[in-house]
Amino acid sequence: MSKHATSPSAGTMSRVAEKVPPHMWFGVSAVFHYLGPAFAVLLFPMVGVLGVAWFRIASAALVFAPITRPWRTFRNAPARERLLLLALGGCLAVMNSAFYLALDRLPIALVAAIEFVGTIGIALWGLRTGRNYLAFALASIGVMLLIDVPSLVAANGPSLLSDLTGLFWAALNGGLFVLYIILGHRISEGGASSGVERLGAAMSAAFLFVMPIGFLQALEAFGAPQLILAGIGVGISSSVIPYVCDQLAMSRLPRASFAFLLALLPATATIIGVVVLRQIPSAADITGVVLVMTGVAVHKPQRL
């Protein structure tokens, strides 16, 4: 791993990261994990699904570049680390594209359910205590109550079951999300600030990977400044804020604990629905939120 000097701003970020509990960083990420896609879905009819994916990654790369100086990270990194950054960049490009293609065809709750399934294996791999198995069981039951897949199927009818294309994209997104957790933890090793710098380099690589995927659709929006600003907003809310917070949490949490905390995402979505969309939860939803919160409270992270 390279040992190049970090910038003063990176040192400041490291000090801030150490003062804030890692669970709070994860909480911020969980909120924007759903706010970002909500903005993106509104842009699908005007920009196109892959065009929005291009704006998400391009704007995030643009924000990261002057702060993290990805060219310096690539220059100073050994060959193995460069391959890791390129792998994460490719993962981000394809994962985000698959995520939006799935959202264009399936309800977000079902996409979230499929995304969460892949993290179960990571969480179970590193729990290894009776207390943590209990925490995982409580959180899993809570997530199932929140997702309520049978109701989703009943509400959407045979079209949901027959949309194999949407299910394919959702499954691909779920698999790549697991890879993102693994690679994200790899680049977070060595301190929160260096992890964010490597994230900026990986996002620059993601921009190169996504260029042939969504540029033509995004190009059609270049004549409308309001669409460009909206696309930049999607990138900041979907890829800058949550991914930075993920790095600040990953640098201080074991991989299994981070994967376990992902059970909070459906609960966060329910709370956002109440506050932002005035969607009153059912008794099952409230029970699910309570079970997830109880599971998170009972869970005890393994030492790094």
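See the structure printed just above.
Small disclaimer: the values here were computed from a predicted structure and weren't measured.

*Asks:* Could you give an account of the packing of aromatic side chains, with specific residues and numbers?
*Replies:* Applying the stated criterion to the full structure yields eleven aromatic pairs. With 5.6 Å between their ring centres and 65 degrees between their planes, Phe 44 and Tyr 100 make a pair best called edge-to-face. A residue pair is termed long-range when its members are at least 10 positions apart, and Phe 44 in helix 2 (residues 22-47) and Tyr 100 in helix 5 (residues 79-103) qualify at 56 residues. On the basis of relative accessibility, which here comes to 0%, the residue Tyr 100 falls in the buried class. On the basis of an interplanar angle of 70 degrees and a centroid distance of 6.0 Å, the ring pair of Phe 55 and Phe 222 is categorised as edge-to-face. Here Phe 55 is found in helix 3 (residues 49-68), whereas its partner Phe 222 is found in the loop between helix 11 (192-219) and helix 12 (225-250), with 167 residues between them in sequence. Here Phe 55 falls in the buried class, since its relative accessible area comes to 6%. Assessed through its relative accessible area of 36%, Phe 222 is described here as partly exposed. Within the aromatic cluster, the residues linked to one another by ring pairs are Trp 54, Phe 55, Phe 207, Phe 215 and Phe 222.

*Asks:* Please give an account of helix 12 that cites residues and values.
*Replies:* The terminal C-alpha atoms of helix 12, which comprises 26 residues, lie 36 Å apart, in line with the 38 Å expected from a rise of 1.5 Å per residue. At Ile 236, helix 12 shows its maximal bend, which comes to roughly 30 degrees.

*Asks:* For the packing of helix 10 (residues 164-188) against helix 12, give the residues involved together with the corresponding values.
*Replies:* Two numbers describe how helix 10 lies on helix 12: the axes approach to 9 Å, and their chain directions differ by 65 degrees. Relative to helix 12, the element helix 10 is oriented roughly perpendicular. Remark: the crossing between helix 10 and helix 12 carries right-handed chirality. Taking contact as the criterion, the partners of Tyr 180, Ile 181, Gly 184, His 185, Ile 187 and Ser 188 in helix 10 are, on helix 12, Tyr 243, Asp 246, Gln 247 and Met 250. Across the contact of helix 10 with helix 12, the residue classes tally to five nonpolar, four polar and one charged.

*Asks:* Residues and numbers for empty space enclosed by the protein, please.
*Replies:* Tallied over the full model, the rule gives three cavities of 30 Å³ or more. What the largest cavity holds in volume is close to 200 Å³. For the largest cavity, the lining is made up of 20 residues, of which His 33, Arg 56, Phe 177, Tyr 243 and Asp 246 are closest to its centre. Put simply, the parts of the chain that give the lining of the largest cavity at least two residues each are helix 2, helix 5, helix 10 and helix 12. For the lining of the largest cavity, the residue count by class is twelve nonpolar, five polar and three charged.

Conventions and cut-offs
- Residues numbered from 1 in each chain as written.
- Predicted model: local features only at pLDDT ≥ 70, side-chain atom pairs only at ≥ 80, totals over all residues.
- Heavy atoms only, no water.
- Phe/Tyr/Trp six-rings, centres within 6.5 Å; stacked < 30°, edge-to-face > 60°.
- Helix = DSSP H or I, 4+ residues; strand = E, 2+ residues; numbered from the N terminus.
- Buried < 20%, exposed > 50% of the residue type's maximum accessible area, 1.4 Å probe, protein only.
- Expected span 1.5 Å × (residues − 1).
- Bend = angle between axes of the 7 residues up to and from the residue.
- Axes fitted to C-alpha atoms, helices over the stretch in contact; angles between N-to-C directions.
- Parallel < 35°, antiparallel > 145°, perpendicular 65-115°, else oblique.
- Left-handed = near helix turned anticlockwise from the far one by under 90°.
- Contact = heavy atoms within 4.5 Å.
- Nonpolar A, V, L, I, M, F, W, Y, C, P; charged D, E, K, R; others polar.
- 1 Å grid on protein atoms, 1.4 Å probe; cavity = no way out; pocket = protein on both sides within 12 Å on 5 of 7 lines; lining within 4 Å.
- Points joined across faces, edges and corners; volume = space filled by probe spheres on them.

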